[in-house]
Amino acid sequence: MKTVEATNAATQKKQGWFAGEMRKLKKNKFLFFLMIPGLVYYIIFHYVPIYGLLIAFKDYKPTLGVFGSPWASNFGLGHFIRFIQTPDMLNYVWNTIALSVLHIVWLFPLAILLALFINELNSLFFKKLVQTISYLPHFVSVAAIAGMLTLFLSSQGTLASAGDFANEGLLNQFLLKLGIIDQGISFLDEVNCFRTIYIASDVWQGIGWSAIVYIAALSGVDQELYEAATIDGASRVQKMWHISVQLIKPTIVILLVMQIGKIMSLGSDKALLLQREVTYQKSQILSTYVYNLGIGKGEFDYSTAVGLFNSIINLLLVIGANFVSKKLTETSLW
């Protein structure tokens with residue numbers, strides 16, 4: 001008897017839950033309609049192509065298709081073993097990590113500082129003007145930025161004594177006229193300049209856009225907290241540190257965890273455009289390596305294996321960063 005009653009109670013509970021969810025769906029149907037385009041995008045471009053990962057475990061032949069191609073050697077792990085045994089593998093991984101870490105070290109705190117300084121501006125017009133100017137470079141294409149960098153940093157090796165610097169890049173013209181250098185320098189061909197150029201252009205292009213999230217978080221801070229701190233004699237710096245930073249700390253932690261999870265996902269576009277044969281030692285990263293093999297040489301199976309290896313490392317980094325964040329700050333993605 002008790003068993004029957006318990007079963008009926010569980011059934012009623014499920015029916016009540018289902019009815020409640022249907023009421024929510026009916027009430028918020030237009031919001032769910034707004035989700036459809038994004039949902040369709042992710043299904044088509046992020047979930048449907050997952051079956052293509054099988055290529056990483058096969059000796060892929062386009063004429064045979066994904067499922068018809070034979071499995072790779074060593075139980076399907078042949079391409080992964082080949083990548084691990086590649087002599088320059090550690091160099092590619094190190095270049096990727098170095099650029100990603102430098103990107104985080106420079107762009108992440110500078111974006112927070114920019115948001116804090118914009119938040120301290122009293123003039124609403126000036127605040128909007130600074131914010132707009134700072135994030136406009138985000139909309140400049142990578143190809144255009146690479147062209148600008150070539151224009152600024154190129155050199156024909158003109159001697160300062162010649163006095164004609166018309167063919168030199170803008171930076172070389174400036175340095176030659178000041179007498180700082182005697183001959184033009186092709187900065188894009190200097191292997192030790194690649195990372196500096198890459199990160200500096202990243203900061204210029206992304207600092208304003210990255211600051212938007214923090215500006216939005218700061219806009220929700222209760223102004224009475226600042227007023228109370230002012231009455232207590234707190235300076236602007238103290239208010240920024242003890243109020244602004246502390247209240248947006250969860251946002252900072254979440255975004256930092258997400259950035260750490262993308263360390264191995266550095267895009268190939270800018271690196272390819274700025275890459276020179278003489279700078280391969282520091283400019284060849286995993287994404288450019290995959291591009292050169294997959295698109296350049298048609299080794300789709302091997303390049304897919306390298307990309308999958310990359311994604312697994314990123315997943316482990318996200319899980320590790322989230323675990324550490326949860327232990328230290330009690331803020332995490334899940």
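Further up the page is the structure itself.
Parameters at a glance
Residues numbered from 1 in each chain as written. Predicted model: local features only at pLDDT ≥ 70, side-chain atom pairs only at ≥ 80, totals over all residues. Heavy atoms only, no water. Phe/Tyr/Trp six-rings, centres within 6.5 Å; stacked < 30°, edge-to-face > 60°. Lys NZ or Arg CZ within 6 Å of the ring centre and 35° of its normal. 1 Å grid on protein atoms, 1.4 Å probe; cavity = no way out; pocket = protein on both sides within 12 Å on 5 of 7 lines; lining within 4 Å. Points joined across faces, edges and corners; volume = space filled by probe spheres on them. Helix = DSSP H or I, 4+ residues; strand = E, 2+ residues; numbered from the N terminus. Core = buried A, V, L, I, M, F, W, Y, C linked by side-chain atoms within 4.5 Å. Buried < 20%, exposed > 50% of the residue type's maximum accessible area, 1.4 Å probe, protein only. Contact = heavy atoms within 4.5 Å. Expected span 1.5 Å × (residues − 1).

Side note on the packing of aromatic side chains
Part 1 of the argument: If you walk through the whole model with that rule in mind, you get 15 aromatic pairs.
Part 2 of the argument: Between Lys58 and the ring centre of Trp71, over which it is positioned, the NZ or CZ distance is 4.6 Å.
Part 3 of the argument: Here Lys270 stacks its cationic end above the ring of Tyr198, 5.1 Å away from the centre of that ring.

Some details on the layout of surface pockets
Part 1 of the argument: Empty space within the largest pocket amounts to approximately 880 Å³.
Part 2 of the argument: Around the largest pocket, the lining is made up of 26 residues, and of these His103, Leu107, Ser210, Gln259 and Lys262 lie nearest the centre.
Part 3 of the argument: For the lining of the largest pocket, the secondary structure elements donating two or more residues are helix 5 (89-120), helix 9 (194-219), helix 12 (249-260) and helix 13 (269-274).
Part 4 of the argument: The element best represented in the lining of the largest pocket is helix 9, accounting for eight residues.

Notes on the nonpolar core
Part 1 of the argument: If you look at the biggest cluster of nonpolar residues, it comprises 52 residues, and the most contacted ones within it are Tyr198, Tyr214 and Leu274.
Part 2 of the argument: Look past the residues within four positions of Leu274 in its chain and what remains in contact with it is Ala146, Leu149, Leu188, Phe194, Ile197 and Tyr198.

Some words on helix 12
Part 1 of the argument: End to end, helix 12 covers 16 Å across twelve residues, agreeing with the expected 16 Å (1.5 Å per residue, within 8%).
Part 2 of the argument: Looking at helix 12, one finds that the buried residues are Ile252, Val253, Ile254 and Val257.
Part 3 of the argument: Of the surrounding secondary structure, the elements contacted by the buried residues of helix 12 are helix 5, helix 9, helix 11 (236-247) and helix 16 (300-329).

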